[in-house]
Amino acid sequence: MTTQEITMQIRDVQPDDAIAIEALLTSLGYPGTSSFIADKLQQQLAHPDAKLLVAVEDSQVLGFVSLHFIPQIALPGDFCRISYFCVAEAARSSGIGQALELEIVNQAKARGCDRIEVHCHSRREKAHRFYARQGYLESPKYLVKSLLA
């Protein structure tokens, strides 16, 4: 029996990743991004405090993460916020999420962050277990105000 070599790599998002990212966002419960995903990618790619990464294996995007670095005025270190983190359902439990999370840590440290935060909806119980395995602790309370109404 031979061992198959894993050829997964993590790289910066490129504009032509839009369709794959759209599919991952749909699997997270964010359908209907096709009309604006290309513009949003360009906006994020140009933003100095944003970072978009994909996990790719054999030219197929299997995971995606969107990070934002938030300077802090009252703390010595800054925050890294995970805005979106998704691994394709067929690729889950293969180490891709763990590899992406390690890259998040590296990116955060390189940017002078002393913590990483993520909002993860209460219905995403498997994601909660993943984050707990990676060392994340619950820090309630998260409040949101809609500006649409």
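Residues numbered from 1 in each chain as written. Predicted model: local features only at pLDDT ≥ 70, side-chain atom pairs only at ≥ 80, totals over all residues. Heavy atoms only, no water.

Secondary structure summary: the protein chain contains 4 helices and 5 strands in total. Helices (α) and strands (β) of the protein chain occur, in sequence order from the N terminus, as β-α-α-β-β-β-α-β-α. Compactness check: the protein chain gives a C-alpha radius of gyration of 16 Å against a globular reference of 15 Å for 149 residues, within 12% of the reference. Principal-axis analysis of the C-alpha atoms gives the protein chain an extent of 55 × 35 × 30 Å. Taken across its 149 residues, the protein chain has 32% of its residues classed as buried. Restricting to contacts in the protein chain with at least 6 residues of sequence separation, those with at least 24 account for 58%. Carbon and sulfur atoms form 53% of the exposed surface of the protein chain, whose accessible area is close to 10200 Å². (Helix = DSSP H or I, 4+ residues; strand = E, 2+ residues; numbered from the N terminus. Rg over C-alpha atoms; globule rule 2.2 N^0.38 Å. Buried < 20%, exposed > 50% of the residue type's maximum accessible area, 1.4 Å probe, protein only. Contact = heavy atoms within 4.5 Å. Areas by Shrake-Rupley, 256 points an atom, 1.4 Å probe, with all protein chains shown as cover.)

For the rest of this paragraph, the subject is a positive patch on the surface. Taken together, the side chains of R92, K126, R129 and R133 make up a positively charged region of the molecular surface. By the secondary structure assignment, R129 is in helix α4 (residues 125-133). Using a relative accessible area of 44% as the deciding quantity, one classes R129 as partly exposed. (Patch = residues over 30% accessible without salt bridge, like charges linked within 9 Å, V, L, I, M, F, W, Y side chains within 5 Å. Salt bridge = Lys/Arg side-chain N within 4 Å of Asp/Glu carboxyl O. Lys, Arg positive; Asp, Glu negative; His and termini not counted. Charge placed at Lys NZ, Arg CZ, Asp CG, Glu CD.)

A few words now on the pattern of salt bridges. Pairs may arise between side chains of opposite charge once their charged atoms sit close together. If you walk through the whole model with that rule in mind, you get 5 salt bridges. Where R111 meets D49, a salt bridge forms, and the shortest distance between an N and an O atom there is 2.6 Å. Here the residue R111 occupies a position in the loop between α3 (96-110) and β5 (113-118), and D49 occupies one in the loop between α2 (37-46) and β2 (50-57), the gap between them amounting to 62 residues. One salt bridge in this structure joins E117 and R81, with 2.4 Å as the shortest N-O distance. Highlighted residues: E117 in strand β5 and R81 in strand β4 (residues 78-87), separated in sequence by 36 residues. Classification of E117 as partly exposed rests on a relative accessible area of 23%.

A word on the nonpolar core. I21, F64, V65, L67, I82 and F85 are the most contacted members of the largest nonpolar core, which totals 34 residues. Top element by residues in this core is strand β3 (residues 60-70). It accounts for 6 residues. In contact with V65, other than residues within four places in its own chain, are K51, L52, L53, I82, Y84, F85, L100 and I104. (Core = buried A, V, L, I, M, F, W, Y, C linked by side-chain atoms within 4.5 Å.)

All right, on to the sheet that holds β5 then. With mixed pairing, the 5 strands of this open sheet are ordered in space as β1-β2-β3-β4-β5. The sheet is open, and its two edges are formed by β1 (9-12) and β5, each paired on a single side. For this sheet the average axis-to-axis angle between neighbouring strands, irrespective of direction, equals 30 degrees. Sheet analysis places β2 next to β3, joined by 8 bridges and oriented antiparallel. Bridge pairing in β3 places A55 opposite G63. Packing against the sheet, helix α1 (residues 18-27) makes contact with β2, β3 and β4, and its axis sits at approximately 80 degrees to β3. (Pairing = 2+ DSSP bridges. Axes fitted to C-alpha atoms, helices over the stretch in contact; angles between N-to-C directions.)

Tracing the chain through its elements places L75 in the loop between β3 and β4. Spatially, the C-alpha atoms of L75 and D114 are 9.2 Å apart, while their sequence positions differ by 39 residues.

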